[in-house]
Structures are given as structure tokens and as C-alpha cells.
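# Report on the structure
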Amino acid sequence: MALGGLWLVAWRTRLRYAGIIAIAIGLLPIALATPPDILVDGDGWLVALRSAAGKLLVSDMRGARIESEIWARQLAVADAPVPWPDHGRAGGEDLECDISGCLFRRAGRTVALPRSEAALAEDCWKADAVISTEPIRWRCPAEVVIDRFDLWRHGGHAIWLGPRIRVETVDGRRGDRPWVLRPRTVGRPTGPDC
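Residues numbered from 1 in each chain as written. Predicted model: local features only at pLDDT ≥ 70, side-chain atom pairs only at ≥ 80, totals over all residues. Heavy atoms only, no water.

Another aspect to go through is the overall build of the chain. Helix and strand counts for the chain come out as 6 helices and 12 strands. For the chain, with 194 residues in total, the buried portion stands at 38%. Restricting the contact set of the chain to residue pairs at least 6 apart, pairs at least 24 apart contribute 31%. Carbon and sulfur atoms make up 57% of the accessible area of the chain, which amounts to about 12,700 Å² in all. (Helix = DSSP H or I, 4+ residues; strand = E, 2+ residues; numbered from the N terminus. Buried < 20%, exposed > 50% of the residue type's maximum accessible area, 1.4 Å probe, protein only. Contact = heavy atoms within 4.5 Å. Areas by Shrake-Rupley, 256 points an atom, 1.4 Å probe, with all protein chains shown as cover.)

Here the focus is the pattern of salt bridges. Applying the stated criterion across every chain, the model contains 8 salt bridges. Here arginine 109 makes a salt bridge to glutamate 143, at a shortest N to O gap of 2.6 Å. With arginine 109 in strand 8 (residues 109-114) and glutamate 143 in the loop between strand 9 (129-131) and strand 10 (144-146), the pair connects residues that are 34 residues apart, well separated along the chain. Notably, a salt bridge pairs glutamate 168 with arginine 166, separated by 3.5 Å at the nearest N-O pair. When its relative accessible area of 33% is taken as the criterion, arginine 166 is described as partly exposed. (Salt bridge = Lys/Arg side-chain N within 4 Å of Asp/Glu carboxyl O.)

Put simply, the chain has an average pLDDT of 83, and 89% of its residues get 70 or more. With pLDDT under 50 throughout, residues 188-194 is counted as low confidence; its partners more than four residues away or in other chains account for 1 contact. (pLDDT = per-residue confidence, 0-100.)

Before going further, it helps to examine the packing of aromatic side chains. Applying the stated rule across the entire model yields 1 aromatic pair. The cationic tip of arginine 166 hangs over the ring face of tryptophan 160; the distance from NZ or CZ to the ring centre is 3.8 Å. (Phe/Tyr/Trp six-rings, centres within 6.5 Å; stacked < 30°, edge-to-face > 60°. Lys NZ or Arg CZ within 6 Å of the ring centre and 35° of its normal.)

So, on to the sheet that holds strand 8. Ordered by their spatial adjacency, 6 strands build an open sheet running 5-6-7-8-9-10, and the pairing between neighbours is mixed. What marks the edges here is a single partner per strand, and that holds for strand 5 (88-90) and strand 10. In this sheet, neighbouring strand axes are inclined to one another by 15 degrees on average, regardless of whether the strands run parallel or antiparallel. The pairing of strand 9 with strand 10 spans 3 bridges and is parallel. Directly across from valine 130, in strand 10, lies its bridge partner valine 145. Running at roughly 170 degrees to strand 8, helix 4 (residues 117-126) makes contact with strand 7 (101-106), strand 8 and strand 9 of the sheet. (Pairing = 2+ DSSP bridges. Axes fitted to C-alpha atoms, helices over the stretch in contact; angles between N-to-C directions.)

This part is about the sheet that holds strand 12 (residues 166-169). Reading across from one edge, 4-3-2-1-11-12 is the order of the 6 strands in this open sheet, with mixed pairing throughout. Across the chains shown, the open sheet's two edge strands, defined by having one partner strand only, are strand 4 (82-83) and strand 12.

Its 15 residues give helix 2 (residues 18-32) an end-to-end C-alpha distance of 22 Å, which sits within 8% of 21 Å, the value for a rise of 1.5 Å per residue. Along helix 2, the sharpest change in direction is near 25 degrees and occurs at glycine 26; proline proline 29 comes one to four residues later. (Expected span 1.5 Å × (residues − 1). Bend = angle between axes of the 7 residues up to and from the residue.)

Among the structural elements, tryptophan 125 can be located in helix 4. The spatial distance from the C-alpha of tryptophan 125 to the C-alpha of proline 141 is 6.2 Å, given a sequence separation of 16 residues.

Before going further, it helps to spend a moment on the state of the cysteines. For the structure shown, the criterion picks out 2 disulfides. The residue that forms a disulfide with cysteine 97 is cysteine 102, at a sulfur-sulfur distance of 2.0 Å. The sign of the 105 degrees torsion about the S-S bond sets the cysteine 97-cysteine 102 disulfide as right-handed. Overall, the relative accessible area of 2% leaves cysteine 102 in the buried class. One disulfide bridge connects cysteine 124 with cysteine 140, the sulfur atoms lying 2.0 Å from each other. Linking cysteine 124 and cysteine 140, the disulfide has an S-S dihedral of approximately -115 degrees and is accordingly described as left-handed. With a gap of 16 residues between them, cysteine 124 in helix 4 and cysteine 140 in the loop between strand 9 and strand 10 connect regions that are remote in the sequence. Of the two residues, cysteine 124 and cysteine 140, both sit in the buried class. (Disulfide = S-S within 2.5 Å.)

Glancing now at the side chain of aspartate 150. Within the secondary structure layout, aspartate 150 lies in helix 5 (residues 148-154). Arginine 153 is the oppositely charged side chain nearest to the buried, salt-bridge-free aspartate 150, at an N-O distance of 4.2 Å. What aspartate 150 contacts, discounting residues up to four positions off in sequence, is Val145, Gly155 and His157. (Lys, Arg positive; Asp, Glu negative; His and termini not counted.)

Next up, the structure:
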């Protein structure tokens, strides 16, 4: 885009209008970007789901109200975020909750958001993705599993649902740079001095 702008101001002939093409090519990725279907903050306190109707369904409106409003603006959601129900459906037919957790269905995929360990054991076998704010200490056969340890190691997660589930993390986006702090491991030290 910058090259197209410079081209427009540098030339005085009709050739300068080629800069408009460069600017349009620079704007193309913005037009083709799709917002994520699910956002999870790094602490696991706030999970936001983008329903097929275009509403933003959030897990907690009390403690993370400001963050949910920021997410709604970034996802270009016109309406205010809607809290998840304790029981029943929300967002049309996309989200269904009961006492043991919630199931989010979108793009032919099922995402489980369990509230208890018993629900977690069941959801691991029937959902395509499982998002748990508690640690999962056994092998879960779901295609995508995000638990408390993943949130601690990699920060917030953005998830796109479709034929293939795509996950991006805060840690993955910021890269491996000298100024990026990594979580310290806790445990017994190993090495030649031990």
C-alpha cells in the first residue's frame, strides 16, 4: 500500500494511476480475513463464541466486561455481547448449556466447554474440540484439546471452525524473540550441578 501511495505522488503522467492497483492489492488481505469463531483469554476466565447469527456469546460478563466489549469491537459485532445461559440455548441453536457444561455447534463441528470433570471425560469422546479451564491429565481423543496448561504456556487462543479446525495462540503470533518471556518450569532442577 505504501509503495502504491508513493507511486501515485511520484509520477505526474497517467502511469501514476497504477499506484491505485498496488493499494487495492494491499487492501485485499483485509477484505478476505475471517474473524475467529472462538476466543479464549490466557487465564481461561473469558471464552467468547461468535454465533452464526453474528452475536458474540461470552462466558462471563461480570469480571471481564471490558475485555468482552473490546473483543466485540474487534470482531465487528454490532450488538452488545450476550452472556451464556446456565441452562438452555443461546445464539439461535449454536450454544446449548446444562449443569455439566456447554456444547457449541458451528460449521458442522462440535466444541465442548465442560464445567465438571465427569463432563470432560464424556466430551472428550464426542466433541471435535474441547476447551477446559481445568488441567486434563489423561489423553483426550478430541481433534483439538485446550486445557489450563495450554492457556498458561501459550496465552490466549483464537479458533476457526471448518473442515479443518485452525488454532492460533498469542505465543505463536509473537514468535521466539529475546524480549518474549516464557513461563518458568517448576520442578526439580536437572543438569551437571545437581
